[in-house]
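Below are the chains, spelled out letter by letter.
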Amino acid sequence: MSRRPLVRECPPTTWYFRQPRYLRYMSREITSIFVGAYCVLLVVGLQRLSAGPAAWEAFLLGLRSADSIVFHLLALAAASYHAATWFNATQKAMPVQIGEDFVPGNLISGAHYVAWAVLSAVILYLAGVF
Amino acid sequence: MSNSPPRSQPPLAAPPGGAAASLGRPGGSSERLVQLEVLRYNPDTDTEARFQRYEVVCQEEWVVLDALNKIKADIDPTLNYRWSCHMAVCGSCGMMINGEPKLSCHAFLREYEGVIRVEPLAHFPVERDLVTAPDDFMEKLKRVKPYVIPKEKKPISEGEYKQTPAQLMKFRQYSMCINCMLCYAACPQYGLTPTFIGPAALTLAHRYNLDSRDGGRKERQEIVATHEGVWECTFVGACSEVCPAHVDPASALQQMKITSSIDWIVEHLIPGGKSARDTVSREDAGDIS
């Protein structure tokens with residue numbers, strides 16, 4: 001009997017259509033593009049701030065445009081989804097053992113959501129929202 | 001190995017309304033006519049794989065493995081596949097069932113509608129029909145040294161290496177792996193980058209790193225903390241979703257990324273931070289209570 005195994009290649013560009021879970025994974029990864037783009041926007045804002053009042057005002061005016069508002073809404077949604085996927089993953093990456101038992105995973109992930117909410121409230125407070 | 005033409009199944013009229021229609025039998029368990037589309041490949045005669053469809057009468061409570069056994073016994077004795085225990089323990093009968101890595105002894109026919117497509121495990125070379133070549137996995141398994149490497153060797157006369165229940169619980173989940181390779185079939189990173197050590201082997205490395213009796217973490221890190229090791233993992237998480245033993249390899253790999261990162265920080269950013277791997281190893285395997 002000859003041994004001639006058949007090798008089936010994983011399609012390098014279409015593999016993520018094979019399973020819904022792969023699409024969920026890709027959607028998580030794609031959200032990082034928005035997160036990265038928003039970071040670039042923040043750096044540009046800092047640069048404009050350092051360039052003087054006129055440059056800063058022009059930057060703020062640009063942020064009020066319709067395109068900018070749409071981008072910010074998309075970036076907020078993407079960042080929230082991205083954060084949620086990682087908060088949900090914390091219970092896998094950082095299990096806490098007390099004696100023979102492990103702290104329930106929901107508590108670990110939940111603590112991150114609580115910290116997220118508290119820090120967001122603090123930042124909004126410092127920004128003068130309320 | 002012969003490849004004689006399939007024998008015909010005992011006559012049975014296909015009921016209307018689908019491939020897996022129920023055939024109720026008074027006084028007994030119900031039967032159903034199930035259609036399976038099975039990937040066939042004969043290395044002696046074929047240059048590529050093809051699908052062959054079978055119709056087989058099955059009991060309602062049967063699993064896909066039962067249907068394959070029925071096909072082999074009554075319809076086509078040339079069909080090849082692996083199985084042993086029929087109770088989700090041995091890990092031999094892993095297959096792609098409707099595109100999902102499953103133990104065929106754990107895939108109940110009643111959970112499927114229409115034609116059930118059965119293929120060999122993805123990402124592994126196909127030896128024949130549903131039989132894959134596990135050589136790559138076996139080689140990688142050996143590389144991570146999946147056995148206790150005692151911190152301090154002692155003669156048998158000094159007795160056993162003792163362990164508290166808490167120390168056992170730290171790694172017990174990761175010791176439940178049955179080497180079924182479903183996680184490799186589910187992992188797109190392994191499919192795209194075959195040099196990736198992969199979920200099960202890395203999880204077993206983690207299992208022994210966490211063992212209080214073990215002192216081999218530094219040796220394993222030579223394999224684990226590399227681009228072929230945990231850093232090839234992008235946390236798709238499919239390995240944990242398909243694991244029939246609930247081992248959760250994704251969690252093991254993320255934990256190893258954290259400890260490997262701590263190693264790097266201690267070794268490169270903290271003055272005098274030598275032997276970080278040994279330090280973390282002692283923390284991993286040390287007393288808990």
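Calculation rules
Residues numbered from 1 in each chain as written. Chains lettered and ligands numbered in written order. Predicted model: local features only at pLDDT ≥ 70, side-chain atom pairs only at ≥ 80, totals over all residues. Helix = DSSP H or I, 4+ residues; strand = E, 2+ residues; numbered from the N terminus. Rg over C-alpha atoms; globule rule 2.2 N^0.38 Å. Buried ≥ 20, exposed ≤ 12 C-beta atoms within 10 Å, placed from the backbone. Axes fitted to C-alpha atoms, helices over the stretch in contact; angles between N-to-C directions. Contact = placed C-beta atoms within 7 Å. Nonpolar A, V, L, I, M, F, W, Y, C, P; charged D, E, K, R; others polar. pLDDT = per-residue confidence, 0-100. Expected span 1.5 Å × (residues − 1). Core = buried A, V, L, I, M, F, W, Y, C linked by C-beta atoms within 7 Å. Pairing = 2+ DSSP bridges. Domains from an automatic or database assignment. Parallel < 35°, antiparallel > 145°, perpendicular 65-115°, else oblique. Left-handed = near helix turned anticlockwise from the far one by under 90°.

Engineer: Even after reading the chapter, I still don't get the overall build of chain A, so can you show me in this structure?
Structural biologist: A tally of helices and strands in chain A yields four helices and two strands. Taken from the N to the C terminus, the helices and strands of chain A come in the order α-α-α-β-β-α. Taken against the 2.2 N^0.38 rule, which gives 14 Å for 130 residues, the C-alpha radius of gyration of chain A at 22 Å runs more than 25% over that of a compact globule. Looking at chain A residue by residue over its 130 residues, the buried ones come to 4%.

Engineer: Even after reading the chapter, I still don't get the packing of helix α1 (residues 20-50) of chain A against helix α2 (residues 53-63) of chain A, so can you show me in this structure?
Structural biologist: For any two helices packed against each other, one specifies the inter-axial angle together with the distance between the axes. All names here are of chain A. The geometry of α1 relative to α2 is characterised by a closest axis approach of 6 Å and an angle of 145° between their N-to-C directions. Taken together, the residues of α2 that come into contact with α1 (itself represented by Gly45, Arg48 and Leu49) are Ala55, Trp56 and Phe59. The residue makeup of the contact of α1 with α2, split by class, is four nonpolar, one polar and one charged.

Engineer: Is there a simple way to explain the confidence of the model for chain B in this structure?
Structural biologist: Interpreting fine coordinate detail is not advised for predicted regions of low pLDDT. Residue and element names in this part refer to chain B. Residues with a pLDDT of 70 or more make up 84% of chain B, whose mean pLDDT is 88. When the criterion is pLDDT under 50, residues 1-20 qualifies, and its contacts beyond four places in sequence or with other chains add up to 34 contacts. Ignoring residues within four places in sequence, the model shows residues 279-289, a span with pLDDT below 50, making 24 contacts including any to other chains. As scored by the predictor, the complex reaches a pTM of 0.86 and an ipTM of 0.86.

Engineer: Looking at this structure, how should I read the interface of chain B and chain A?
Structural biologist: Interfaces are often sized by the accessible area lost when the parts come together. Listed as interface residues are 30 residues of chain B and, on the opposing side, 22 residues of chain A. Elements that contribute at least two residues to the side of chain B that touches chain A include exactly β7 (126-128), α3 (165-172), α5 (188-192), α8 (238-242) and α9 (249-269) of chain B.

Engineer: Got a minute to help me understand the environment of B:Asp214 in this structure?
Structural biologist: Residues and elements named next belong to chain B. Within the secondary structure, Asp214 sits in the loop between α6 (199-209) and α7 (217-224). The exposure class of Asp214 is buried, given the 22 C-beta atoms found within 10 Å. Along the backbone, Asp214 and Tyr161 are 53 residues apart, and their C-alpha atoms lie at a distance of 9.9 Å.

Engineer: Even after reading the chapter, I still don't get helix α3 (residues 66-93) of chain A, so can you show me in this structure?
Structural biologist: Side chains of residues three or four places apart in an α-helix project in the same direction, reflecting 3.6 residues per turn. Helix length check: α3(A) (28 residues) gives 40 Å between terminal C-alpha atoms against 40 Å at 1.5 Å per residue, within 8%. Those residues of α3(A) not exposed but buried are A:Ala78, A:Gln91 and A:Lys92. The inward-facing, buried residues of α3(A) contact α1 and α4 (105-126) of chain A together with α9 of chain B.

Engineer: Explain the nonpolar core to me, please; I cannot follow it from the model alone.
Structural biologist: Nonpolar side chains tend to gather and get buried jointly when the protein is soluble and globular. Ranked by size, the top nonpolar core spans 66 residues in total, and within it B:Val64, B:Ala67, B:Met181, B:Cys183 and B:Leu202 carry the most contacts. Those residues within four positions of B:Met181 in sequence are excluded, and the remaining contacts are B:Gly94, B:Leu121, B:Phe124, B:Pro134, B:Phe137 and B:Ala200.

Engineer: Would you take a moment to explain the pairing of strand β6 (residues 116-119) of chain B for this structure?
Structural biologist: Successive side chains on a regular strand alternate, one facing one side of the sheet and the next facing the other. Residues and elements named next belong to chain B. Across three bridges, the pairing between strand β2 (residues 31-40) and β6 is parallel. Across the sheet, Val38 pairs through a bridge with Val118, a residue of β6. Inspection of the sheet shows strand β4 (residues 94-97) paired to β6 by two bridges, in the antiparallel sense. Bridge pairing in β6 links Met96 to Glu119.

Engineer: Please clarify how the domain arrangement of chain B should be interpreted in this entry.
Structural biologist: Residue and element names in this part refer to chain B. Per the domain assignment, the segments making up chain B are domain 1 (22-132) and domain 2 (135-285). For domain 1 versus domain 2, the separation of C-alpha centres amounts to 33 Å. Opposite the 14 residues of domain 1 that make contact, domain 2 presents twelve residues. A total of three residues in the side of domain 1 that touches domain 2 trace back to one element, the largest contributor, which is strand β5 (residues 100-103).

Engineer: Would you take a moment to explain the packing of α1(A) against α3(A) for this structure?
Structural biologist: Residues and elements named next belong to chain A. Following both chains from N to C, one finds α1 and α3 inclined at 125°, their axes separated by 8 Å at the closest point. Between α1 and α3, the interaxial angle falls into the category oblique. Here α1 runs over α3; the crossing is left-handed. Facing Arg28, Thr31, Ser32, Phe34, Val35, Ala37 and Tyr38 of α1, the residues of α3 in contact are Leu74, Ala75, Ala78, Ala79, Tyr81, His82 and Thr85. Along the lines of polarity and charge, the residues of the contact of α1 with α3 split into nine nonpolar, four polar and one charged.

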